[in-house]
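Residue-level structural notes
Each chain, written out:
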Amino acid sequence: MLEIDNLRVKQGAAELHYNLRALPGELLAIQGRSGVGKSTLLHAIAGFLPVAGGDIRWKGRSLLKLTVEQRPVSLLFQDHNLFEHINVWHNLRLGMPAEQSPEPLHQAAEVLQVTELLQRKPSELSGGQRQRIGLIRALLRPEPIVLLDEPFAELDPQTRQLAAEWSRATAKNGHKTLLLVTHQDEDVERVADRALQL
Amino acid sequence: MQRAGIAALLFSVLVTVLAFQGLIGFGHGGADWSLLSDRYYQSVLLFSLKQASLSALLSLLLAWPLARALYYRPQLPARRGFLSLCVLAFVMPTLVLITGLVALLGRNGLLSPLLGEQWNLYGLNGILIAHVYLNLPFAVRVMLQQLQHIPDSSWQLAAQLKLSRWQRLRLIEWPTLKPAVLVLFGFVFVLCFNSFAVVLALGGGPRATTLEVAIYQALKYDFNIPEALTLAWSQLLIAGSLFLLLSRWGRSHWLSVDTLQRQWIPQPNQPMKLIHAMVYAAGWLLLLLPIVALLPGVLEVDMARFGWSALLRPTLVSLVVGLLAAGGAMLLAYLMLTPVRQAHLKRQRKRALLLEWLSTHALVAPAMVVSVGLYILLLRQIDLDRWGMLFVVLLNMLMVVPFAVQQLRPRLLQYDAQYHRLCRALKLSGRQRLRLEWPFLRPAFIASFALILVLAIGDLAIFAIFGNEQWTTLPWLIYSYAGSYRIAEASLASLLLLLLCALIVWAFERIRLDA
């Protein structure tokens, strides 16, 4: 279980407080008005922000002493998820173990309609295409906790539905604990088991 | 990697400290501070400041219209060739430039009759001309690079709002150029303030001497070590403080090539187009004249009877010394930047500033003091006749490291700003990170390598102290020819050295563009 107990994170002069529980395999949507600290929470769990107090535990073990590299977390940033100087396929393979079969990546690319983009450079992609590439990698990496920061923001309604349904199915199949930051209620309905209002 | 970086920094600082120690130890004491109230010292200091300020000011003022012409008229003929020529001019071995300038504007120069009876190349005139020649092309490239960062949307908005030419200059061009101009002025000032060969060759006695030349004279003619140390500390303090301020002020893109292809630039009107074309032609003329001036001298050489083999070995020696020094400098610069990058990532501004200053301190440390100090220190420990060339490579490597650092740093910091978090989030190994970093760094790396290779090949000062006749380099051969009044041979060897440098710049620009 992912447990966040009285977590305190400083943001400028303000201090943000968090408490939440998520079961293994549970998909949790995080909502709240802009600036309330949704992304801050994801960055703190991933280890990018120093914590002023409280604890983050995974399966009973505190993550606070672990570096970003040691935490069992896969994070999709709001933007800047791709290296601009290498092609999309190379980007997709990053963060995957060398022995992992490329087949799931190909299948995901097929489902999310990005197969023909794999040999291109990210600069040749639209915002929505880039988001789908980042999403595939974030969900297929072998990490039990997946954090998605507004992953569907730049998608058209049709692709948004497709990506949301694929995300839910993949997370459930992989028995991943997923935290999804979103402003859209429809994303909550399509992806999450429950929603948390910050 | 972090430890290797700190070790690289310590190594470079240690060499400078040991060199100073060598001089202090030999002189049985420190600097002679009473010199500060001496008239000679004050006039040398004033002249150093004056010529450096004027050189920097003129270089920038003349570079500005040229950069604008290149920016507004991307279709100018041979524009890419001109930009390559700018790199070549900036790194041109000083000896070649001086030979060219003397052939052009010296007592019997090609253009001297047009300049009247009063004309004299030697003194402030010659120093300013040579410094402007070396630094104007550099300023052109930095300013052009800066202008190319103006987004299309700004020009489109300006056009939509029907802004006048003056408004566009004030609201778009100048704010883009301002941060670079300040840093650029300081950088060119430091280069000219520390100038040695130009002032030595074209300076006119005590009234046109800089600190670096005064150090040389104090060591060579009087072997007055306390005086040399006073001058050296003064130079280190002034140039070092200024350089520290520069590091604080801002960033510039230095010699990286214009990669941004603009889609939408305002089209100048017909008279303006004509002005741009004339400025551009003047730029070509300015950069080519000293090179062309070498040709009549070359024609005087009896090609059939000339001992070409005399040029072959020095050329090869120069190349090998250059390649070893440049290769080592690139490695050293990359390693030195590791702790700098870490400090930036941890937002330790003061630490970053200090480490950056240390990594580039060779730019402000008087080269003459470093070479002579080390020579004195090593003389009693090592057989320098045998191992001297090793120190030629080592010192050249340390002297060009700051240029490599200046070029690699912005690119690596940009990489970290863009991708450091992503690399960590993806849990990439050190090897994976290096493999990802390389294609990003490659263009800057290649451009930087070419630049410092040419700088190292052109070295004369370090070879003069540590080198020997058995391993003569091409610049030393030119110097020897000129010293024995074999001007035709000197011109021919200068042209060969220039061609070698041009070939390197051209080849690396090709490789970089293909990369």
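Residues numbered from 1 in each chain as written. Chains lettered and ligands numbered in written order. Predicted model: local features only at pLDDT ≥ 70, side-chain atom pairs only at ≥ 80, totals over all residues. Heavy atoms only, no water.

**Describing the overall build of chain A**
When you go through chain A residue by residue, the secondary structure sums to 6 helices and 9 strands. Relative to a compact globule of 198 residues, whose C-alpha radius of gyration would be 16 Å, chain A shows 16 Å and is just as compact. Projected onto its principal axes, the C-alpha positions of chain A cover 45 × 35 × 30 Å. Each of the 198 residues in chain A was classed as buried or not, and the buried ones make up 55%. Considering only intrachain contacts with a sequence separation of at least 6, the fraction spanning at least 24 residues in chain A is 69%. When the accessible surface of chain A is summed, it comes to about 8,800 Å², and 47% of that surface belongs to carbon and sulfur atoms. The averaged location of the 24 negative side-chain charges in chain A is 6 Å from the averaged location of its 23 positive side-chain charges. (Helix = DSSP H or I, 4+ residues; strand = E, 2+ residues; numbered from the N terminus. Rg over C-alpha atoms; globule rule 2.2 N^0.38 Å. Buried < 20%, exposed > 50% of the residue type's maximum accessible area, 1.4 Å probe, protein only. Contact = heavy atoms within 4.5 Å. Areas by Shrake-Rupley, 256 points an atom, 1.4 Å probe, with all protein chains shown as cover. Lys, Arg positive; Asp, Glu negative; His and termini not counted. Charge placed at Lys NZ, Arg CZ, Asp CG, Glu CD.)

**Things to note about the packing of aromatic side chains**
A complete count under the given rule lists 22 aromatic pairs over all chains for this structure. On the basis of an interplanar angle of 50° and a centroid distance of 5.7 Å, the ring pair of Phe48(A) and Phe77(A) is categorised as tilted. Placement of the pair is Phe48(A) in the loop between α1 (38-46) and β4 (53-58) and Phe77(A) in the loop between β6 (73-76) and α2 (88-93), with a sequence separation of 29 residues. Judged by its relative accessible area of 12%, Phe48(A) falls in the buried class. Relative to Trp233(B), the ring of Phe20(B) lies with its centre 4.6 Å away and its plane at 35°, an arrangement referred to as tilted. Linking Phe20(B) in helix α1 (residues 2-26) with Trp233(B) in helix α10 (residues 225-249), this pair joins segments that are 213 residues apart in sequence. (Phe/Tyr/Trp six-rings, centres within 6.5 Å; stacked < 30°, edge-to-face > 60°.)

**Brief notes about the interface of chain B and chain A**
With 15 residues of chain B in contact, the opposing surface of chain A contributes 22 residues. Both faces combined, the contact of chain B with chain A buries some 1,700 Å², and carbon together with sulfur accounts for 62% of it. Applying the counting rule to chain B against chain A returns 3 salt bridges. Here Arg433(B) makes a salt bridge to Glu69(A), at a shortest N to O gap of 3.1 Å. Put simply, chain B and chain A have 8 residue pairs in polar contact (both at pLDDT 80 or more) between them. Residue assignment for the side of chain B that touches chain A shows that the elements contributing at least two residues are α16 (384-425) and α17 (430-457) of chain B. (Buried area = accessible area lost by both parts, 1.4 Å probe. Salt bridge = Lys/Arg side-chain N within 4 Å of Asp/Glu carboxyl O. Polar contact = N/O pair within 3.5 Å; in protein donor to acceptor, adjacent residues only side chain to side chain.)

**Details of the packing of helix α3 (residues 79-91) of chain B against helix α11 (residues 270-292) of chain B**
Residues and elements named next belong to chain B. Between α3 and α11, the shortest axis-to-axis distance is 11 Å and the interhelical angle comes to 45°. Classified by the angle their axes make, α3 and α11 are oblique. With respect to the hand of their crossing, α3 and α11 are arranged in left-handed fashion. Every residue of α11 that contacts α3 at Arg79, Gly81, Phe82, Leu85, Cys86 and Ala89 is listed here: Tyr280, Gly283, Trp284, Leu287, Leu288 and Ile291. Of the residues assigned to the contact of α3 with α11, the class counts are 9 nonpolar, 2 polar and 1 charged. (Axes fitted to C-alpha atoms, helices over the stretch in contact; angles between N-to-C directions. Parallel < 35°, antiparallel > 145°, perpendicular 65-115°, else oblique. Left-handed = near helix turned anticlockwise from the far one by under 90°. Nonpolar A, V, L, I, M, F, W, Y, C, P; charged D, E, K, R; others polar.)

**Quick notes on the sheet that holds strand β5 (residues 61-62) of chain A**
Residue and element names in this part refer to chain A. Taken together, 4 strands build an open sheet; the order of strands is β2-β1-β4-β5 and the sheet is antiparallel. Unpaired on one side and paired on the other, β2 (14-22) and β5 mark the two borders of the sheet. Across 2 bridges, β4 lies against β5 in antiparallel orientation. Of the residues in β5, the one forming a bridge with Arg57 is Ser62. (Pairing = 2+ DSSP bridges.)

**Side note on the confidence of the model for chain B**
Residues and elements named next belong to chain B. For chain B, the mean per-residue pLDDT works out to 86, and 95% of the residues sit at or above 70. Across chain B, helix α13 (residues 309-345) holds the top mean pLDDT of 94, while helix α6 (residues 152-160) sits lowest at 75. Below a pLDDT of 50 lies the segment residues 252-261, which in the model reaches 33 contacts outside its immediate sequence neighbourhood of four places, other chains included. Scoring of the predicted complex yields 0.80 for pTM and 0.76 for ipTM. (pLDDT = per-residue confidence, 0-100.)

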